[in-house]
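For reference, the chains in residue letters:
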Amino acid sequence: MKKNKGLNKRVYRSLSKNWFLILIATVLIAVFFFFITLGNVHTEVYNIERFANATETIRSPITIENEQETQRKTRETVQSVEDRFNISEEITEERLSYTNEVFEAISKLEEEKSNTEENNEDATRVPLTSQEKVQRLKQILSDEITEELSDATLSSLVNMPEVEREKGKKVLLEALEATFQTGVRTESLASARSNAKEIIAYSSFNEDVTKVLSELANFAVVENSIYDAESTSEARKNAASSVEPVMIRAGEVIVREGQTITNEVYEEMKLVGLLNNERNIYPIIGLGLLVTLLSCFVAYEMNWVTRKFHADKRKIASIVLISVIVVSLMKIVSLYTTQSNQLFFVVPLATGVLLIKQLIHERSAIVLSVIYAILGSIIFNYQIPGSLNIEAGIYFLLSQLAAIIFLMNVKDRLAILKAGAGMSIVNIVTLLSFVFLSFEKYALGDIFIQTAYGIGAAFLSAVLTIGLLPFFETVLGILSDIKLLQLSSPNQPLLKKLLTEAPGTYHHSIMVANLSETACEAIGANSLLARVGAYYHDMGKTVRPHYFIENQLAIKNPHDVISPKQSAEIIISHPYDGAEMLQKYQIPKEIIDIASQHHGTTLLKYFYYKEKDKNKDVKESDYRYPGPKPQTKEAAIICICDSVEAAVRSLKEPTEEKIEDIVASIIRDRMTDGQLDESPLTLQDLNLVQRTICDTLKGIFHSRIQYPMKEAK
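Residues numbered from 1 in each chain as written. Predicted model: local features only at pLDDT ≥ 70, side-chain atom pairs only at ≥ 80, totals over all residues. Heavy atoms only, no water.

1. Comments concerning unusual backbone geometry
Phase 1 of the analysis: Pro 628 follows Gly 627 through a cis peptide bond whose omega is 5°.
Phase 2 of the analysis: Looking at the element boundaries, Pro 628 is found in the loop between helix H25 (605–614) and helix H26 (633–649).
Phase 3 of the analysis: A positive phi is found at Phe 51, a non-glycine position, where the angle reads about 65°.
Phase 4 of the analysis: Within the secondary structure, Phe 51 sits in the loop between helix H1 (2–37) and strand S1 (58–59). (Helix = DSSP H or I, 4+ residues; strand = E, 2+ residues; numbered from the N terminus.)

Quick look at the structure:
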């Protein structure tokens, strides 16, 4: 009970310490993010007077409508709309019919005269005078015509030769139709009549005919275009609604350096908040909220890292340091970036995720890639508050995701350069998509420059990653896959020492490495770390190699001539001798921990029971390894595989049943002895580990064909 309480207290203290560390790291990152991006949202306020000269080029920090200018533009547009008129077809037809009536009445009068002369037997009858003809004509015509036309005009028409009259009628009607068709308003009545008269005047008539036809045109042309109030109002409404709001765009130049601050410029500066601090507080609040949200995601990810890697402070420190490096790099480049010179395309932002994937985990790299892309869209917004450079954000995100995807099968630092080649392709495709999606026309030279930017960003990221990786491996002591691969090389001095001085142990370590690697792969643990850790876990046996049975080839067992207690001391010391040796050679801490933990606090049963046969008062604690117990999945699996390999190797005729029984009994013994209590292995993990180890051992110790021996003659 006391033991459980002590363990709970240790766990509670560890969790409290982890949260405190995460809190400190999160606050540092949040403060750094806030102040590094503050200049991109904070608007500079100017103390400037009207009609002074601008000391610098001033741009609008926001996009806002200039309502006063919009109203002025709308008013001018409405005033420019002309009145709407409707041409009355009734009036047009009426005036044309009056004109036709005049000519038809004269024709009818001529017919009556002819008929009368033919039927009249008295040839001495006196013909009608012009006055009589006019009076007769006025009796036939409508009152509207007789009231408007003079007797002289009617007399001229009556006495006009029929051929001239018909020709004049045709010309007059054509002139009237052309005049009415365009519409005759009150204010244009005089000009309309004048136009009709001009058409007649240009015809081939004599002066008398022209005068008569002009008088008829003056009578016929009246106002036929009537003002339409409803249509005019609708047209003005449509014109007002079609006016685009006058916008002051974010980044738009309000006044250039040296220009005079006119009333219009002064009002625009006041409108966008460049003359007071009222608007400045809101972008700062927004930035604070965004940075807080991003920092919460970082804190959640750091919490996941501490749980997965058992509160490894070095990995938390690396997240903070990499974030500072990456964001600072973006800020420095942004100082030289303009809208015409988009240098953000050359920022080696993928350096951060390449380092994080190797030093921490792929998941952390993905999460932070999104955060870095969002920050990049703020940093490269050309100091325009309230705006995000979406193009930069998309480019950064795709470039980083490409780096994460292409960095696979890491065997050496060349893999980083290969990832850089993959990144360059993604960068080029992204940049070309921006070019083709844009309405702007790019010159071929500009396309080549941007393509070069994409390639440069990819390979700069790879080169910086290769350059910074040793720093994190050495200064922070973080173990990367590349470092593990270097340590797994047979040319490593310690592995050479193990091979030459303890060849049996070397072979045993290789077998344990194979078993541990497959088991770790099955449960999602770090299989590469398990393999390399297994290579070095028994390095302490090189101190006294002949005291270990796998190295006793054709020699007498030295344990036969010393006491069990002495033998136990020699055997028990090998994990700690190995840890001390690994420390001396500056081997990473993760591997040193595996070496010191791979036996936990297990009992050295052979020598314990050998001593117990002689001394019943022997203390079990004297024959137990002092620990610590395995703290990680990798150390726990190596602890199991170390015992399993030795036990199975001791079998004379290993069968599948024997292998399964031995593996199950060793895992059960480790569990009941409490050796796995401090490791994060679950029962589900142990079941999967057991099956994986059995399958691997069955493949190693499979049955072989017994070849027949050749009988001696």
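Structure shown, so let's carry the discussion forward.
2. Description of a negative patch on the surface
Phase 1 of the analysis: Taken together, the side chains of Glu 90, Glu 94, Asp 143, Glu 144, Glu 147 and Glu 148 make up a negatively charged region of the molecular surface.
Phase 2 of the analysis: Contributing elements (two or more residues each) for the negative patch: helix H3 (89–119) and helix H5 (143–148).
Phase 3 of the analysis: The leading source of residues in the negative patch is H5, at 4 residues.
Phase 4 of the analysis: By the secondary structure assignment, Glu 147 is in helix H5. (Patch = residues over 30% accessible without salt bridge, like charges linked within 9 Å, V, L, I, M, F, W, Y side chains within 5 Å. Areas by Shrake-Rupley, 256 points an atom, 1.4 Å probe, with all protein chains shown as cover. Salt bridge = Lys/Arg side-chain N within 4 Å of Asp/Glu carboxyl O. Lys, Arg positive; Asp, Glu negative; His and termini not counted. Charge placed at Lys NZ, Arg CZ, Asp CG, Glu CD.)

3. So, the confidence of the model for the protein chain
Phase 1 of the analysis: Mean pLDDT over the protein chain stands at 86; residues scoring 70 or higher make up 92%.
Phase 2 of the analysis: For residues 1–12, every residue scores under 50 in pLDDT, and the model assigns this stretch 2 contacts once sequence neighbours within four places are set aside. (pLDDT = per-residue confidence, 0-100. Contact = heavy atoms within 4.5 Å.)

4. Here's the deal with the UniProt feature "transmembrane region" (unreviewed entry) in the protein chain
Phase 1 of the analysis: Sequence positions flagged by UniProt for "transmembrane region" (unreviewed entry) are, in local numbering, residues 20–41, 281–304, 316–336, 342–360, 365–384, 390–408, 415–439 and 451–479.
Phase 2 of the analysis: Taken end to end, residues 365–384 comprises 75% helix and 0% strand; its first and last C-alpha atoms sit 29 Å apart.
Phase 3 of the analysis: With 86% helix and 0% strand, residues 451–479 has its two end C-alpha atoms placed 35 Å apart. (UniProt positions renumbered as here; feature names shortened; annotations may be inferred.)

5. Structural notes on helix H24 (residues 589–597)
Phase 1 of the analysis: For H24, the tally of buried residues reaches 7 of 9 residues, placing the bulk of the element in the interior.
Phase 2 of the analysis: Where H24 is concerned, the buried positions are Glu 590, Ile 591, Ile 592, Ile 594, Ala 595, Ser 596 and Gln 597.
Phase 3 of the analysis: Looking at the buried positions of H24, the neighbouring elements they touch are helix H13 (313–334), helix H19 (481–487), helix H22 (527–536), helix H23 (564–584) and H26. (Buried < 20%, exposed > 50% of the residue type's maximum accessible area, 1.4 Å probe, protein only.)

6. Re the pattern of salt bridges
Phase 1 of the analysis: Enumeration according to the criterion identifies 22 salt bridges in this entry.
Phase 2 of the analysis: As a salt-bridge pair, Lys 541 and Asp 538 come within 3.1 Å of each other at their nearest N and O atoms. Per residue, the accessibility class of Lys 541 equals that of Asp 538, and both read buried.
Phase 3 of the analysis: Arg 670 is the salt-bridge partner of Asp 669, the closest N and O atoms lying 3.2 Å from each other.

7. Regarding the nonpolar core
Phase 1 of the analysis: If you look at the biggest cluster of nonpolar residues, it comprises 66 residues, and the most contacted ones within it are Ile 319, Ile 322, Met 330, Val 347, Leu 359, Phe 380 and Phe 396.
Phase 2 of the analysis: For this core, the secondary structure elements donating two or more residues are H1, helix H12 (281–308), H13, helix H14 (350–359), helix H15 (362–379), helix H16 (390–406), helix H17 (414–437) and helix H18 (444–475).
Phase 3 of the analysis: Filtering out sequence-adjacent residues up to four positions away, Ile 319 remains in contact with Ile 29, Val 298, Met 302, Val 305, Ile 360, Leu 368 and Tyr 372.
Phase 4 of the analysis: Core analysis: the second largest hydrophobic core is formed by 51 residues, Ala 502, Leu 582, Ile 591 and Ala 636 among them. (Core = buried A, V, L, I, M, F, W, Y, C linked by side-chain atoms within 4.5 Å.)

8. Points about the domain arrangement of the protein chain
Phase 1 of the analysis: Taken domain by domain, the protein chain consists of domain 1 (6–40 + 280–478), domain 2 (85–115 + 128–227) and domain 3 (492–701).
Phase 2 of the analysis: Taking the mean C-alpha position of each, domain 1 and domain 3 sit 42 Å from one another.
Phase 3 of the analysis: Counting residues at the interface gives 6 residues for domain 1, matched by 7 residues for domain 3.
Phase 4 of the analysis: Both faces combined, the contact of domain 1 with domain 3 buries some 400 Å², and carbon together with sulfur accounts for 46% of it.
Phase 5 of the analysis: Our enumeration of links across domain 1 and domain 3 arrives at 1 salt bridge.
Phase 6 of the analysis: A salt bridge links Glu 590 to Arg 314; its shortest N-O distance comes to 2.7 Å.
Phase 7 of the analysis: Counting across the domain 1 and domain 3 interface gives 1 residue pair in polar contact (both at pLDDT 80 or more).
Phase 8 of the analysis: Classifying every residue of the side of domain 1 that touches domain 3 gives no nonpolar, 2 polar and 4 charged. (Domains from an automatic or database assignment. Buried area = accessible area lost by both parts, 1.4 Å probe. Polar contact = N/O pair within 3.5 Å; in protein donor to acceptor, adjacent residues only side chain to side chain. Nonpolar A, V, L, I, M, F, W, Y, C, P; charged D, E, K, R; others polar.)

9. Re the environment of Ala 403
Phase 1 of the analysis: Among the structural elements, Ala 403 can be located in helix H16.
Phase 2 of the analysis: The buried category is assigned to Ala 403, whose relative accessible area is 1%.
Phase 3 of the analysis: On a C-alpha basis, the gap between Ala 403 and Ala 421 in space is 9.4 Å, while along the polypeptide they are 18 residues apart.
Phase 4 of the analysis: Contacts of Ala 403, omitting those with residues within four sequence positions, involve Ala 350, Val 353, Leu 354, Ala 419 and Met 423.

10. Regarding the side chain of Gln 552
Phase 1 of the analysis: Following the sequence through the fold, Gln 552 ends up in the loop between H22 and H23.
Phase 2 of the analysis: Among the polar contacts listed, one links the side chain of Gln 552 to the backbone oxygen of His 546, at a separation of 3.0 Å.
Phase 3 of the analysis: Those residues in contact with Gln 552 that sit more than four places away from it in its chain are His 546, Tyr 547, Asn 557, Pro 558 and His 559.

11. As for the environment of Gln 566
Phase 1 of the analysis: Inspection of the secondary structure assignment puts Gln 566 in helix H23.
Phase 2 of the analysis: With a relative accessible area of 41%, Gln 566 lands in the partly exposed category.
Phase 3 of the analysis: Separated by 546 residues in the primary sequence, Gln 566 and Phe 20 have C-alpha atoms spaced 46 Å apart.

12. Remarks on the packing of H16 against H17
Phase 1 of the analysis: Running from N to C, H16 and H17 point in directions that differ by 155°, and their axes come no closer than 8 Å. Looking at the two axes, H16 sits roughly antiparallel to H17. Helix-helix and strand crossings are classified by hand; for H16 and H17 the assignment is right-handed. Contact residues: H16 offers Glu 391, Ile 394, Tyr 395, Leu 398, Ser 399, Ala 402, Ala 403 and Phe 406, while H17 offers Ala 419, Gly 422, Met 423, Val 426, Asn 427, Thr 430, Leu 431 and Phe 434.
Phase 2 of the analysis: Residues of the contact of H16 with H17, tallied by class, amount to 11 nonpolar, 4 polar and 1 charged. (Axes fitted to C-alpha atoms, helices over the stretch in contact; angles between N-to-C directions. Parallel < 35°, antiparallel > 145°, perpendicular 65-115°, else oblique. Left-handed = near helix turned anticlockwise from the far one by under 90°.)

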